[in-house]
Structures are given as C-alpha cells and as structure tokens.
Amino acid sequence: MADRIPLYPVRSAAAANRKRAAYYSAAGPGAERPSRYQLEDESAHMDEMPLMMSEEGFENDESDYHSLPRARITQRTHGLGWFVCGGWKFLCTRCCDWLINVCQRKRELRARTVWLGHPEKCEEKHPRNSIKNQKYNVFTFIPGGFVLAVTITREAIDEFRRFQRDKEVNSQLYSKLTVRGKVQVKSSDIQVGDLIIVEKNQRVPSDMVFLRTSEKAGSCFIRTDQLDGETDWKLKVAVSCTQRLPALGDLFSINAYVHAQKPLLDIHSFEGTFTREDSDPPIHESLSIENTLWASTIVASGTVIGVVIYTGKETRSVMNTSNPKNKVGLLDLELNQLTKALFLALVALSVVMVTLQGFVGPWYRSLFRFLLLFSYIIPISLRVNLDMGKAAYGWLIMADGSIPGTVVRTSTIPEELGRLVYLLTDKTGTLTQNEMVFKRLHLGTVSYGMDTMDEIQSHVRDSCSQLHSQATSSTPPRKAQSSAPKVRKSVSSRVHEAVKAIALCHNVTPVYEPRAGGTGDAEHAEVDQDFSDENRTYQAASPDEVALVQWTERVGLTLVNRDLTSMQLRTPSGQILTYSILQTFPFTSEGKRMGVIVRDESTAEITFYMKGADVAMSTIVQYNDWLEEECGNMAREGLRTLVVAKRTLTEEQYQDFESRHAQARLSVHDRALKVAAVLESLERDMQLLCVTGVEDRLQEHVRPTLETLRNAGIKIWMLTGDKLETATCIAKSSHLVSRTQDIHVFRPVTSRGEAHLELNAFRRKHDCALVISGDSLEVCLRYYEHELVELACQCPAVVCCRCSPTQKARIVKLLRQHTRRRTCAIGDGGNDVSMIQAADCGIGIEGKEGKAASLAADFSIRRFEHVGRLLVVHGRSSYKRSAALGQFVMHRGLVISTMQAVFSSVFYFASVPLYQGFLMVGYATVYTMFPVFSLVLDQDVKPEMAMLYPELYKDLTKGRCLSFKTFLIWVLISIYQGGILMYGALVLFESEFVHVVGISFTALVLTELLMVALTIRTWHWLMVVAEFLSLGCYVASLAFLNEYFDVAFITTMTFLWKVSAITVVSCLPLYILKYLKRKLSPPSYSKLTS
C-alpha cells in the first residue's frame, strides 16, 4: 500500500488553506460534489486520510492517524472572573494532559555513537530488531475475551457443582464381605460379584440379589421412593438357600452362582436362578423381583447381604434416567434467529456500499473493510449482557423471602419460567404430603368422624371387657357358624368387629428399634431390641395400611407382633389375642383387593377377612343399599375409601379350600387364573362390616396454587406411579379437576382395535378431564400417538397413573414435539429425574423422598406452593426483562452502524471508520453498559399484583415481547436515530471535522441514556445511579479524550446547543409516540398500575 501513498512537498500555510477550502467545498453536506474522476487523487487515497482533523492537521502532513494534534487554546487574563467563567475547565484539562503525557510519554529519539563489533558499549537501550505488522494488541481482544470468559465461567461453575454432587454419592463407604472378613469400599469401586453388606437406612449402591438378612423371618422391607416414587415399603425375601446358612462366612464355603437376565428398563420384573453345585443333588432356586434389591432403594429394616449383579449405567435406576442435556432457552433461540437476520443485513449493507462505490480498484478489499466497519450490527456484547442478566435473575429468585430455600441450579434458563404452557407434576410428595390420616368410619347406620373417635374407643373397650369376662367364666368356645346370625347386633359389637377386621386384614409389621449401645452385629440384632410402645414403628407396603393400623391402636386394639405365620393384638385391658395366619392374598392392581384367613387361637374360629376398592367389593358382599352412596360421598370429600368384609369358615370349608388352593399353586399352565378361580369360591356372600375413609393430606396451599396456574393459562398434567383410584381421588381433592368437570376414565386396552374404539369414545367427550393408565397409554402411543396427544392436549387436565419413570419422560418429550410449546416438570423423587431432565424446565422439591429430584432439577424449591410465585412473578419478569435487554443491545449496535453508513455515504462511500480507538470500546462499555444492564431491574407490575392477576402471564406464551415485529420496530428506531444523529452533526458543524465527531458522539451517548429512560417502566434507585454514573464517566473522560475531541470546542455553548438540538430531535418523537400508544392502545398491565 506504500506505493499508493503520494509524497507531497512541505506546503505553506496559504497552500494548506486553499487545499482545505477545496476539500470542504467538495465534500461538505449539501454541496455539489465533483465527479470521481475530477478528484481522483483525493478519492483514491480517502482511506489514508485522517478523519478528526484540526487546523494543524492540515498544516502538518506528518501527523499520525492515531495521534492528532491538540487544538490551540488562546491565553486569557487570569483572575477570579476568568476562573469562574471557564478557567477551572482549562486548569483541569492541563492537569489531565500532563497526566496523560507522563503515562503515555514516548521515548525521545537521540543521536547515537555506535562501536564496531561492541554492542555492549551502547549507552542506551535500543529496540529489538523485529518487525511488527500486527494491527492489534492484547488489550484489543479484552471485550471479546470477556464475552467468552463470562459464558465459560458460568458453565464451569454449574458443571463443578454437578461434579461435587456426584463425587459425594460415589464416595459413600460400604462393607464388602471377603474371605478375610469385612473391608470398606467406595460405592464407585463396587464390582459385579461382590458381596455387599447394607445396613438399615443405607442406600443400596448397585443392583443386587438378596442373599441374607439379620431378620429371623428371612425378609426385609425396603423404601423405593427414589426409584418409582412410591413411599410404600416393599417386602423383599432372601434366597432361602443362603438364608439357612449358619453364619456369614459360610457364603464362601459353598460353590454357588446366580444367573441373571440381561439389564432391562423394567423395574417391576426380574428373572433369574440361584444354583448351588456342591450339594447332592444341586439346588436350583428360581429368583423373581421379590429377591432383588435395586440401586437407589433404602433398606428399611435389618441388615442385608447381597451379591452384585448390575453396576453403574446397567442398573435399573440409571437405565430409567435420561442423560442430562444442555438446555437452551426459547429466548436464546429467538435471539439467535434475529442475530442471523442482522448478519444478513450486515452482508447486504456492505455489498450495497461497494456497489455504490462502483467496484473501483480491489473492491473485495473494500467489501471486507465495510464488513468490519458495520460489524457493530452484530451485538457481540449481547451474550455478556444476557448471561449477567441471567445471573441477576437467579440471585433475585434465591433472595426472595416469599419462597425461602429456592435454589437456581441451572442459570441459563430463568426466562423459560415465563413461557410455560404445560406443567407436568408428580403426585406423591409433590401435591400430597404422603401422610395418611384416618378420617371416617361408616357402619351403614352410623358414621364416625374425627370428632367422635372417643365413642369408638368406648365401644371397643366395652366389647373387649365383655368378651374377656365371658372367657374367664369358662364358657366353652362357640362353634364356628357357616353364616352370620340374622339377629340385630348391638352397636358396640358391630364397632368391635369392624375395628378387629381392620386390625387383622393388612400386611403391616411392627418393628422395634435396637437399644442404644447394642452390638449392631447383623447376626444378633434381635437381642438388643426394646419392645415398648414408644419404640415401635410400623412397616407396610402402603401408607394406607399403616394409617389404618395406627388408628386401631388409638382406639384400643394394638398390633404388637407379627411374623410369617402369626400376629398378636393387645386389647385395652392388656390382654394379648393371638391369631394364626393361614393364608394371605396380597393386593393386586387387577383384583383391587387383599385378604387374609386367620384362626383365633382362643376360640379356634377361622375367619376370612377382605378389604378393597368399592368397585371390586360391591359384587362380593351381601346386598345393601348404602355402600355405593357412602363411597361416593367420601370420594367427593377427597378420601380414599376401603370396603371391609368378612366370612366365617368352618374347619371343613377351610380344608377343602386349602387343598384346592395348593393344587392350583402347583399348576404349571395358567397358574394365576386357576388360583384366582379357587379364591373366587370364597369371595361370595361376605358380610359387609364397614367403609373406611383415609385422607392423603395435600401439601399446604396446593389448591390456590393450582388455581393460580390454571388462571395463568398453564395446563396441568399429573403423572404418577400410583393406582388409578388414588390418582383420581387426589385429582379431585386438589381441584386439579374441578367439581363440575366430567372425568373420562380410559378403559384398559391391549390391542390396536380396542385402542381405536376407546379413542373414538373419548373423542365424543367435550371439556372433560382424562384419566389413563400407563399400560393403556403405551398401547395408544404405539398405534395412535398423534391422535392421542392431540386429544389429550384439548383436555383441561390429564391424569396418567401407573407410569414408569421412562414413560413420564416420554410423555414430556411427546408434548414438546407435538405442541412446540414449553413444558415444565416438577417432582420430588428419584423416579421423577428423567421427567425433570426431559422437560424444558425442571423443578425439584426437597421432600421425604430425598434430594435426587432437587439435585437433578434446574430449580429447587421447598414446597409446591412456591411454584406459583416462581412462575408468575420471577418467570414473567425474567422473560420481559431479557426481551427488553436483548432488543436494546441490538438497537445500540444498529444506531452506531447506521451513523457509520450515513457517514460513508456522504463521503463518497469511503470505507473509513467514523469513530475509532477508545470511543468504540467506551460506547459499548463504560458509557452505556450500566444503564442498559439496569433493565434487569425493570418491572411493569409489582409482584403482589402479578400474583393477584395471574392472567397477565398468558400474554407471554405468545412471545409478543420479542418477535420479528418488535425487532423491526427497534430497527426502524435505530435507523431514524442514527440518521438524525449523523446528518444533524454534519449539517451543524462549521469549520473543523473534529467537531462532527464531538457533536455526534456526545449526542449518541445522550440518546442511548434517554432511550433507556424511555424503555424503563418502573424506576429503581440503581437505575438512576447507573444513568448518572454513565453520564458522569463520559463527561469526566472528555478531559482525557483530546485525541478525539477538540477540548476547547466542547466547553462552548455552541457545542451544547447543537448536541441538545440533535438529541431532542432524535428522542422527542419517540417519547410522543410512546405517550400516544399508551393512551390509545394501553398494555394489559397498565390498567392495573393506574
């Protein structure tokens, strides 16, 4: 390029003046320009011409492009008047100039004496003999590096926190059984084949086959809440071959192995075999789900020993957990689309400028220069502002005293909380407290509630004392009758029979904690137990069962002991009643009932007790006219109902049943059907005893929270692993389904034809809630995925019961794919992790089911009621603030790019920068950054008003705060303001071009500050500080920017009125338009704020 730079001789002042006059007369705005060929020498070298020229700039051709001479300052008479009228500015300027000269002083060049061959004799230090053609230095890349550093740092912090949580779990210590005894191993070091000892209340580290327990019954209870979300304790049975071994060490003296099926997703099934080869003949024992201990479950009773069969990513819990993905907010995607549009505009504008230039010379070089000049169209600082804004939103959420304990774990998506359309929630522990409370006992003619429980206690006490007195009077035991007597019984005896039936018909086991200071040995744990009432806890496969047994204890009949063959009750007088357990029929989802056959040891009476859902029991019990009505009444109150009945058997009847039942259980084909048929022979003409009502307490303020979310336009789906009846009951009691709404229960389907018919039946229903089971859902999704999702999305509420963790995640993904709307999943158990991670926004609740969901979620809360404020207040404000912030940052770049385009157009489409050096860096940082960033504190309505009118949330789902329409409005504003600022400065400048820079840049900074004020809806004191701080920084920096500004000119009234005029013209019309719009078409929130 050096060969193109003309070498002019030193000119006189007159020649310089003539040259300057010719240049301005040719290039000034409004002047008739000479043709390109008449001014070939000037236009050809316009790129090398200094832009900010003072008079000396034209007189001195040796002035450098970056360091321009300072303007002359005329001497004035010194005095008080001089100091008041402007002398203080002069003194400040001189002091600042002196500081700058000291800091930026260049080394003075001197003549030198050079010794031949002796460089060490040189008296001063000379520069290295290296060539430096680089355009930038390390400070040039600080803004870009800052952008990347902010993003990388935020992601690194989030990832480090996840690493710490994983490390804490992987470092938990367990006892491993070896030939030499017990050794401690980390959870991450456990291998397939290891024998691991798991203590009570300890997490099972991997999938194991249950070999041995300290419980003498050979079974234990485990809690599976972190696996399937159910807090019901599950009974597990040890392999009988290993349980019978005398000591733990004998496990190494036998030659045995376990054959296990390949790792599967299904947490409710397992097939395997246990084989002992060193016995004669070899022992083969089939293994099922009751012999397994899955990872992430908790041992609830005793100490267990298991052999590891699956580890790591092959465990059931991990296979049912989806891999965490990086979540990108919808707002970020929308801003990316707008940024792409801006990039196309950048390229198009550069091509237009080169075209208008006439493709003269190496046009491609000019094209790249224009791309660099207009690069401010691409908002590089947008990423930094948004990331810092997200951090601010997270801090505001965690600092909100109305939702204490809330933690923001993923700081990249707080705006997603303001765009939600679907909320998918777990039931147990999320909507409910998972605390069952006995509420109602109905005997047909009389009903007892919480306030009349003392009457039941009195009836039980009277009846028990009467029976005790009969027993002590040596009355011979009454022979069992085949049917109930027809005479009307007294109320006390009826109440006593009902309570006794509830106390006997269950699968509850009383457990006594070891004494403090016990040996803790797995083999001798029973010795150190305290059998007092205070030390007793109940374990069962259902919290309903525990609630019923606890209630019988309160009214007088206490379950004190139970094993596989017997149970003992204690009466109010302290008498112990012993019953032998002859048969137990566990609850199944198909039968919806459970039963037990017991023999009273004192009377030898055999009784078959059964309890279950009203739909299953109504055909089994004797005819009555009150059962259906009372069950409906209790269900409407949100109570979970159970119907209790009994049948007295003779010894002959039981022996006949027992032989047929044993034969059916030995059957190879259709075993389940044959066993059910035998059982049905007993389930006839049973005596109806009572109906119980148990309440699963809802979380506090669940109903108003769900009402708030519904009014906000959010559709709520409940996904639970619980039974259909329970899920429907909770949906009604929590008002997820309103009292006036119909409920369509999707019938069980197993084939495509059945699914087709049921979907058609459902299509004819209007405005009704849908209740569907996981099995039926699987069939429908296999054949009619699109149709089912389309119909379900039209429902006001959907309840999916018996859902596995994988099904929950799949439902979330289907909603996202089919509706293209934002989804949120909320849960509190390990079984909810997949659903939480699959949703656009995951919320975890710290509850009784542990912290797995809370740690895996994007947001962690303490209670369900906090969801309302999190979404309606923080979600809404985060989205609106980020939308305003993003568009304003784009506007900031578009304004200065428009000014550059106008400037280049005026001066023959020259690819010459208007502002350079610190002006460009300062514009995007210290001069405008604080006011623009203060938009993260803006709010259109107060939080209390947003909670009172959740309907304001609905508008956000349409995305009107950030759209191509609002983007084009900001583009038009930017073009208007950029054009006014540049043309105004060119029209109003008089003699020196450096004045154009001073006027236009000052007006630009003031315009940006005023535009921030125009955008703000509610002022915060920090916003005011940011505005004045930025203005103060700019005014203070003027003294240091004499390289770019004529300091003498910017202290004059001429400068002030020109800047004020241009700023007013650029901003006043926008203020007027905003005022008219608020008057003629006010936003929804303005009606509330007024």
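Every chain is numbered independently, its residues counted from 1 as its sequence is written. Residue-level local features of this predicted model are given only where pLDDT is at least 70; pairs of side-chain atoms are given and counted only at 80 or more, and the full residue set underlies all totals for whole chains, interfaces and linings. In computing side-chain values, all of the structure's heavy atoms are included and hydrogens and water are not.

(A) Just the overall build of the chain, in detail. What counts as a helix is a DSSP run of H or I of at least four residues, what counts as a strand is a run of E of at least two, and both are numbered from the N terminus. Helix and strand counts for the chain come out as 36 helices and 32 strands. The contact definition used throughout considers only heavy atoms, calling two residues in contact when any of these lie within 4.5 Å. For the chain, the share of sequence-separated contacts (at least 6 apart) that also reach a separation of at least 24 residues comes to 73%. Of the accessible surface of the chain, which amounts to about 53,800 Å², a share of 57% is contributed by carbon and sulfur atoms. All accessible areas in this document rest on Shrake-Rupley with a 1.4 Å probe, and a residue is counted as covered only by the protein chains that are shown.

(B) Spatial organisation of the packing of aromatic side chains. Ring pairs shown here join Phe, Tyr and Trp side chains whose ring centres sit within 6.5 Å, with only the six-membered ring taken for Trp; geometry is labelled stacked below 30 degrees between planes, edge-to-face above 60, and tilted in between. Enumeration according to the criterion identifies 19 aromatic pairs in this entry. With 5.9 Å between their ring centres and 85° between their planes, Phe585 and Phe608 make a pair best called edge-to-face. Residue Phe585 is found in strand β21 (residues 576-585), and its partner Phe608 is found in strand β23 (residues 606-612); the two are separated by 23 residues along the sequence. Accessibility assignment for this pair places Phe585 and Phe608 in one class, buried. Burial classes: relative accessible area under 20% of the type maximum marks a residue as buried, over 50% as exposed, and values in between as partly exposed (1.4 Å probe, protein chains only).

(C) Region of interest: the side chain of Gln807. Structurally, Gln807 is set in helix α24 (residues 805-819). Pairing of N or O atoms within 3.5 Å defines a polar contact, subject to two protein rules: one partner must be a possible hydrogen donor and the other a possible acceptor, and residues neighboring in sequence count only if both atoms are side-chain atoms. Side-chain polar atoms of Gln807 contact the side chain of Glu778, separated by 2.9 Å. Among all residues touching Gln807, those that are not within four sequence positions of it are Gly774, Glu778 and Arg802.

(D) Broad picture of the environment of Tyr654. In this structure, Tyr654 sits in helix α17 (residues 651-665). When the C-alpha positions of Tyr654 and Ile606 are compared, they lie 7.9 Å apart, and in sequence the two are 48 residues distant. When neighbours within four sequence positions are excluded, Tyr654 is seen to be in contact with Leu582, Gln583, Ile597 and Ile606.

(E) Inspection of the sheet that holds strand β1 (residues 173-178) at higher detail. Whether two strands pair depends on DSSP finding at least two bridges between them. Spatially, β2-β1-β3-β12-β4-β10 is the arrangement adopted by the six strands of the open sheet, whose pairing is antiparallel. Two strands close off the open sheet at either side, each with one partner strand: β2 (181-186) and β10 (292-293).

(F) The sheet that holds strand β5 (residues 219-223), seen in detail. Strand order in the open sheet made by the three strands is β6-β5-β11, with antiparallel pairing throughout. Lying at the two open borders of the sheet, with one neighbouring strand each, are β6 (233-237) and β11 (298-299). Sheet topology note: the β5/β11 ladder contains two bridges and is antiparallel. The partner of Ile222 across the bridge, within β11, is Val299.

(G) Highlighting the environment of Gly302. Its location among the elements puts Gly302 in the loop between β11 and β12 (304-310). Its relative accessible area of 13% is what places Gly302 among the buried residues. A C-alpha to C-alpha distance of 6.9 Å links Gly302 and Glu199, two positions 103 residues apart in sequence. Setting aside residues up to four positions removed in sequence, Gly302 forms contacts with Val198, Glu199, Lys200, Ser214 and Glu215.

(H) Structural view of the confidence of the model for the chain. Here pLDDT means the predictor's own confidence in every residue, given as a number from 0 to 100. Per-residue confidence for the chain averages 79 on the pLDDT scale, and 81% of its residues sit at or above 70. The least confident element of the chain, judged by mean pLDDT, is helix α3 (residues 55-59) at 35; the most confident is β23 at 93. Low pLDDT (under 50) marks residues 1-77, which in the prediction has 98 contacts with non-local residues, meaning those over four places away or in another chain. Considering only residues more than four positions removed or in separate chains, one finds that residues 474-488, a stretch of pLDDT under 50, has 14 contacts.

(I) Region of the structure containing the environment of Thr339. Of note, Thr339 is situated in helix α9 (residues 330-357). Given the relative accessible area of 22%, Thr339 is considered partly exposed. When neighbours within four sequence positions are excluded, Thr339 is seen to be in contact with Ile378, Pro379, Leu382 and Met890. Separated by 2.7 Å, the side chain of Thr339 and the backbone oxygen of Leu335 make a polar contact.

(J) Here's a closer look at the packing of α9 against helix α10 (residues 363-373). Here, axes are lines fitted to C-alpha atoms. For helices the fit covers the stretch in contact, and angles between N-to-C directions go from 0 to 180 degrees. Two numbers describe how α9 lies on α10: the axes approach to 9 Å, and their chain directions differ by 140°. Judged on the interaxial angle alone, α10 and α9 are oblique. When the axes of α9 and α10 are compared, the crossing they make is right-handed. Packed against α9, whose contacting residues are Leu346, Val347, Ser350, Val351, Met353, Val354 and Gln357, the element α10 presents Trp363, Ser366, Leu367, Phe370 and Leu371 at the interface. Polarity classes work like this: nonpolar for Ala, Val, Leu, Ile, Met, Phe, Trp, Tyr, Cys and Pro, charged for Asp, Glu, Lys and Arg, and polar for all others, with Gly in that last group. Across the contact of α9 with α10, the residue classes break down as nine nonpolar, three polar and no charged. Orientation labels follow simple angle bins: below 35 degrees gives roughly parallel, above 145 gives roughly antiparallel, 65 to 115 gives roughly perpendicular, and whatever is left gives oblique. Whether a crossing is left-handed or right-handed is set by the direction in which the near helix is turned from the far one by less than a right angle, anticlockwise for left-handed and clockwise for right-handed.

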